[in-house]
Amino acid sequence: MHYLALSVLSFFLVTDTLGQTARSDSSFLALAQNRTIQLYKGSLTENMLLYNGNEHIPHDRRIKIHPYFATDSLQLGSLSYNGIDHQNVMMQYDIVRDELAIRLSESVFRIRPHSERISSFAFRNYQFVRLVADSAAGVSTGFYQVMHNWPVKFLAKRKKTD
């Protein structure tokens with residue numbers, strides 16, 4: 001009796017059995033990898049590219065006036081960075097250094113996005129555009145406030161000194 005059970009068991013172990021064929025693991029692995037990549041890309045927002053730059057270092061506290069335009073507190077605004085419009089960005093315009101400082105909502109640190117990639121920004125009722133130096137027109141590279149935006153634009157270069 002033991003020989004019969006042993007021979008039947010060995011028959012199933014040695015020969016192929018009838019039934020479903022095993023699916024290749026490679027299709028399941030490829031599907032899992034693609035889904036993981038899709039989830040990762042979906043979790044990134046277009047604002048991720050905006051938060052690329054150096055840390056904004058505050059000015060010396062001994063300065064008697066604040067170095068920012070209009071107010072020394074962060075303002076909710078918008079900007080065009082690398083040709084993409086970004087809304088609801090916390091920002092300050094440092095007119096002493098002529099650079100924008102932005103803050104990610106969950107962070108205490110402020111970042112200086114690359115100025116050459118910013119074409120314009122706005123907060124409250126103020127709008128600024130970036131111009132590139134033109135020696136013939138006597139314009140230096142930097143941010144200029146748009147004072148009047150009709151057929152003829154009026155721009156103002158804002159400055160503060162320490």
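Residue numbers here run from 1 along each chain, matching the order of that chain's written sequence. Residues qualify for local features only when their pLDDT is at least 70, as the model is predicted, and side-chain atom pairs are given and counted only at 80 or more; totals for whole chains, interfaces and linings, by contrast, use all residues. Only hydrogens and water are removed before side-chain values are computed, so all heavy atoms of the structure are retained for them.

A. Summary view of the side chain of Q75. Strands are runs of DSSP state E lasting at least two residues, helices are runs of H or I lasting at least four, and both sets are numbered from the N terminus onward. Mapped onto the fold, Q75 is located in strand β2 (residues 75-81). Think of it in three bands: with a 1.4 Å probe and only protein chains considered, a residue is buried below 20% of the maximum accessible area for its type, exposed above 50%, and partly exposed in between. According to the relative accessible area criterion, Q75 is buried, its value standing at 16%. Here a polar contact is taken to be a pair of N or O atoms separated by no more than 3.5 Å, where protein atoms must pair a possible hydrogen donor with a possible acceptor and residues adjacent in sequence count only if both atoms sit in side chains. A polar contact is formed between the side chain of Q75 and the side chain of S73, at a distance of 3.2 Å.

B. Layout of the packing of aromatic side chains. When two rings of Phe, Tyr or Trp (its six-membered ring) have centres within 6.5 Å they constitute a pair, described as stacked for plane angles under 30 degrees, edge-to-face for angles over 60, and tilted for the intermediate range. Summed over the entire model, instances satisfying the criterion amount to twelve aromatic pairs. Taking 5.9 Å as the distance between ring centres and 85° as the angle between the ring planes, the aromatic pair formed by Y93 and F143 counts as edge-to-face. Taken together, the positions of Y93 in strand β3 (residues 84-94) and F143 in strand β8 (residues 142-149) put the pair 50 residues apart, joining distant regions of the chain. For the pair Y93 and F143, one class covers both residues: buried. A network of ring pairs unites the aromatic residues F69, Y93, F121, F123, Y126, F128 and F143 as a single cluster. Either the NZ atom of lysine or the CZ atom of arginine qualifies as a charge over a ring when it sits within 6 Å of the ring centre and within 35 degrees of the ring normal. The ring of Y144 has K157 sitting right over it, with the charged end atom 5.0 Å from the ring centre.

C. Fine view of the nonpolar core. Ranked by size, the top nonpolar core spans 17 residues in total, and within it L79, M91, Y93, L100, I102 and F121 carry the most contacts. Sorting the residues of this core by element identifies β2, β3, β4 (99-103) and β6 (118-123) as the ones contributing at least two each. Not counting the four nearest positions on each side in its chain, M91 is found in contact with S73, L74, Q75, G77, S78, L79, L100, A101, I102, F121, A122 and F123. We define a nonpolar core as any set of buried Ala, Val, Leu, Ile, Met, Phe, Trp, Tyr and Cys residues linked to one another through side-chain atoms lying within 4.5 Å. Between two residues, a contact is recorded if the distance between any of their heavy atoms is within 4.5 Å.

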